[in-house]
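If you want the building blocks of each chain, they are given just below.
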Amino acid sequence: MCGIMGYIGNQEAWGIVVGGLRRLEYRGYDSAGVVTVSGKALRLARSVGHLRALEDANPEGLPGNIGIGHTSWATHGGVTEANCHPHLDSKSRIAIVHNGIIDNVEALRAELVAKGTQFRSETDTEVLAELIGRGVEAGLSLRDSVVAALKRIEGTAGIVAVDRLDPERLVAARIGSPVVVGLGEGACWVASDALALRPYTDRMIVLDDSEIAELTPNSIKTVDLEQRSREKRVEKILHQPEDADIGQFAHFMLKEIHEQPVALDRTLRGRLDASIGNARLGGFQTQEQRLFDIRRVVFFACGTSLYSAQVGAYLMSRYARMPATAEDAAELSVQNPIVDRQTLYVAISQSGETADTLVALREIRSRGGLIAGITNVVGSSLSRETDFGMYVHAGPEISVCSTKAFTAQALGTELLALRFARMRDLSANDGRLWVEALERLPQQVRLMLEHASACRELAERFCNARFTMFVGRGPNVAVAGEGALKLKEIAYLPAEGLSGAGMKHGPLALIEPGSPVWALVPPDETRERMIGNLRELKARGAFIMAVAQSDDSEVAQIADHMVPLPPHHPAVSPILNVIPLQLYAYYVALAKGYDIDKPRNLAKSVTVT
Ligand code: M6R
């Protein structure tokens, strides 16, 4: 949701902290702030709006070799400077930055107000700062005070704290919200995401839940909430420094759309066995015996990841003949889910940090369910809390609007479906055909990207449409939903994605002459019915943009514009179909002049429920 960056070493902290925040800004961009310590004084700069506003207001930066910063997406109170991080205690002795939500904040606030604290903001973070501040004022070390304060809170907290009277150390802690520490010579960095550390170091430790790290330029001590020492493994940061660079592209979204052939290639690498027509999934092997007894698969996720889950559920039922559903993780967690030993639960999340997905995961785990994870972020909470899983290796996704993660995750579910299908009744021959199709997929996505300029022309024509409809059938109902989500999210246009069947039960009333409709009509068992739907739409005057196989003359005749699909295996059609929809949404948002990578009101990773 928000980004945290901290530094302690011999260099000026400002540039390093702001540099790290820039790489994390996609996680929240309502406000930004930095505190440094110089001459035993806290130097604070905060600003509403993008990080750029903070830099413009402080062209000289702030002095000091120790600093912490935050870029946020507001959860408590309005977006005002008073509510920006970092927050100080009432004596202005300590400063903290915080990701997460403190659930018992009102009780703690009332207690502190009764003791005389006058709060300057509406935030839960200031309450935590005051608890820590009172601890150090009472003589505790910063670390002991952080531990004592964390024991009093209910909720989540990834924090970094600094004490102006002890400017030799930073204290970082993880209660639910990710925190990583970068290791260097005479310096340490701390961040909420390894992406921020990569320009400075390729070595890190990842704090586990309920761990606290005390950092000096030359040492790290990690303890748990009982102050027992914890041994930490040094891990390699896999990102390349340039992974978060925009390169030749105008926006990260466009870059990420075009990265899809490479990303999909990485998702597949080493995972296909053409000789036996099967997928090789490392994590799967560790659970082989239990998986043999699985009789139902429940995917769960949020947003775009939920659409990739729907693709997976369809493929699982269609090809593995395995009952499968895709559930909205937020609803699953409040539904008292039925958990049994013959069900495999599959959590999908690009970030691996979406709170609703993690809450559902923990609920299922607490009941003994077997959980697999599909995620893009190595070391994320999801990857740590599932029984086994698969990294999709799509590379960092910076644009808030998810594109390459969708296709990589959908591909991840394909591999899972193929693996199950081959354990059940898919023949080796049919498995080989599917594997060949997957091998061709990256190149076929490349072909779909060649239609960018046609998508742009359509986007410019319909950028002011009052309503846009996306229709599909089978696995492409999910793709229709994903296409509509893209348009709503970055172009702020009303849109609906639905099945061609569902359309007739109400939404067709929205169609008037000239209404733009995207129709997904691949040459599979859904084609005939989709053609019926096209005729219904045409009769109401819709302008139909169809994605269909290049030689489909019947679709070409009905549609006003056709984006051709190359000949392909029906199992991969969702991944091909979504490409023009991503491009269309991008170019609509571009035509409207919106801030494409940072759409209003949104953040990359929703870490609150
Ligand atoms: O990180 P996750 O995949 O768990 O995120 C889930 C959703 O918040 C996310 O997919 C969201 O819907 C995207 N911004 C859509 O583009």
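Small disclaimer: the values here were computed from a predicted structure and weren't measured.

Side note on helix α10 (residues 303-320)
Item 1. Taking 1.5 Å as the rise per residue, α10 with 18 residues should run 26 Å; its terminal C-alpha atoms sit 25 Å apart, in good agreement.
Item 2. For α10, the complete set of buried residues consists of Thr304, Ser305, Leu306, Ser308, Ala309, Val311, Gly312, Ala313, Leu315, Met316, Tyr319 and Ala320.

Describing the pattern of salt bridges
Working definition: two side chains of opposite charge can pair if their charged atoms are close together.
Item 1. The tally for this structure, following the rule as stated, stands at 43 salt bridges.
Item 2. The partner of Lys236 in a salt bridge is Asp202, with the nearest N and O atoms 2.9 Å apart. Of this pair, Lys236 sits in strand β14 (residues 235-236) while Asp202 sits in the loop between β10 (188-191) and β11 (203-206), and the two are 34 residues apart along the sequence.
Item 3. Classification of Asp202 as partly exposed rests on a relative accessible area of 27%.
Item 4. When the shortest N-O distance is used, the salt bridge between Arg230 and Glu211 registers 2.8 Å. On the criterion of sequence distance, the pair formed by Arg230 in the loop between β13 (219-224) and β14 and Glu211 in strand β12 (residues 211-216) is long-range, its members being 19 residues apart.
Item 5. Ionic contacts of the salt-bridge type, sharing partners, join the residues Asp208, Glu211, Arg230, Lys232, Arg233, Glu235 and Arg384 into one network.

Regarding the nonpolar core
Item 1. Counting 95 residues, the largest nonpolar core has Val297, Met316, Leu344 and Phe420 as the members making the most contacts within it.
Item 2. Counting residues per element, this core draws most heavily on helix α21 (residues 573-592), which supplies 12 residues.
Item 3. Split by domain, the residues of this core number at least three in each of domain 2 (247-448) and domain 3 (450-609).
Item 4. Those residues in contact with Phe420 that sit more than four places away from it in its chain are Phe284, Leu291, Ile294, Val297, Met316, Ala320, Met322 and Leu344.
Item 5. In terms of nonpolar packing, the next biggest core, distinct from the first, is built from 28 residues, Val105, Ile212, Val223 and Leu225 among them.

Details of the domain arrangement of the protein chain
Where the parts come together, the accessible area they lose is often given as the size of the interface.
Item 1. Each assigned domain of the protein chain is listed here: domain 1 (3-244), domain 2 (247-448) and domain 3 (450-609).
Item 2. Here the C-alpha centroids of domain 1 and domain 3 sit 43 Å apart.
Item 3. Counting from both sides, the interface comprises 9 residues of domain 1 and, opposite them, 9 residues of domain 3.
Item 4. Between domain 1 and domain 3, the buried area comes to about 870 Å², and carbon and sulfur atoms account for 64% of it.
Item 5. Area buried by domain 1 at its contact with domain 3 is led by Tyr26, Tyr29 and Trp73, which between them contribute 56% of it.
Item 6. Taken together, the connections running from domain 1 to domain 3 amount to 1 salt bridge.
Item 7. Ionic pairing is found between Lys598 and Glu25, a salt bridge with its closest N-O pair at 3.5 Å.
Item 8. Among the residues forming the side of domain 1 that touches domain 3, the class breakdown is 4 nonpolar, 3 polar and 2 charged.

Focus: the layout of surface pockets
Item 1. When its volume is computed, the largest pocket comes out at roughly 730 Å³.
Item 2. Forming the boundary of the largest pocket are 38 residues, of which His239, Asn376, Val377, Val378 and Pro396 lie nearest the centre.
Item 3. Within the residue set of the lining of the largest pocket, elements represented by two or more residues are β11, β14 and α7 (260-268).
Item 4. At 3 residues, α7 tops the list of elements feeding residues into the lining of the largest pocket.
Item 5. Its volume calculated, the second largest pocket comes out at about 580 Å³.
Item 6. In terms of lining residues, the second largest pocket is bounded by 27 residues, among which Cys302, Gly303, Thr304, Lys604 and Val606 are the most central.

Looking at unusual backbone geometry
Glycine aside, the phi torsion of most residues is negative, and most peptide linkages are trans.
Item 1. The amide bond that connects His85 to the next residue, Pro86, takes the cis arrangement and shows omega of -5 degrees.
Item 2. With respect to the element layout, Pro86 can be found in the loop between β4 (66-72) and β5 (87-88).
Item 3. At Arg321, a residue that is not glycine, the phi angle is positive and equals roughly 50 degrees.
Item 4. With respect to the element layout, Arg321 can be found in the loop between α10 and β18 (324-328).
Item 5. Looking at Arg321, the relative accessible area reads 56%, which means it is exposed.

With respect to the packing of helix α14 (residues 404-423) against helix α15 (residues 428-449)
Item 1. Direction vectors running N to C along α14 and α15 enclose 165 degrees, while the axes themselves pass 10 Å from each other. Between α14 and α15, the angle is such that the two are roughly antiparallel. The handedness of the crossing between α14 and α15 is left-handed. Along its contact with α14, which presents Leu411, Glu414, Leu415, Ala417, Leu418, Ala421 and Arg422, the element α15 presents Ala428, Gly431, Trp434, Val435, Leu438 and Leu441.
Item 2. Of the residues in the contact of α14 with α15, the class split is 10 nonpolar, 1 polar and 2 charged.

Reading the values: rules and limits
- Residues numbered from 1 in each chain as written.
- Predicted model: local features only at pLDDT ≥ 70, side-chain atom pairs only at ≥ 80, totals over all residues.
- Heavy atoms only, no water.
- Helix = DSSP H or I, 4+ residues; strand = E, 2+ residues; numbered from the N terminus.
- Expected span 1.5 Å × (residues − 1).
- Buried < 20%, exposed > 50% of the residue type's maximum accessible area, 1.4 Å probe, protein only.
- Salt bridge = Lys/Arg side-chain N within 4 Å of Asp/Glu carboxyl O.
- Core = buried A, V, L, I, M, F, W, Y, C linked by side-chain atoms within 4.5 Å.
- Domains from an automatic or database assignment.
- Contact = heavy atoms within 4.5 Å.
- Buried area = accessible area lost by both parts, 1.4 Å probe.
- Nonpolar A, V, L, I, M, F, W, Y, C, P; charged D, E, K, R; others polar.
- 1 Å grid on protein atoms, 1.4 Å probe; cavity = no way out; pocket = protein on both sides within 12 Å on 5 of 7 lines; lining within 4 Å.
- Points joined across faces, edges and corners; volume = space filled by probe spheres on them.
- Axes fitted to C-alpha atoms, helices over the stretch in contact; angles between N-to-C directions.
- Parallel < 35°, antiparallel > 145°, perpendicular 65-115°, else oblique.
- Left-handed = near helix turned anticlockwise from the far one by under 90°.

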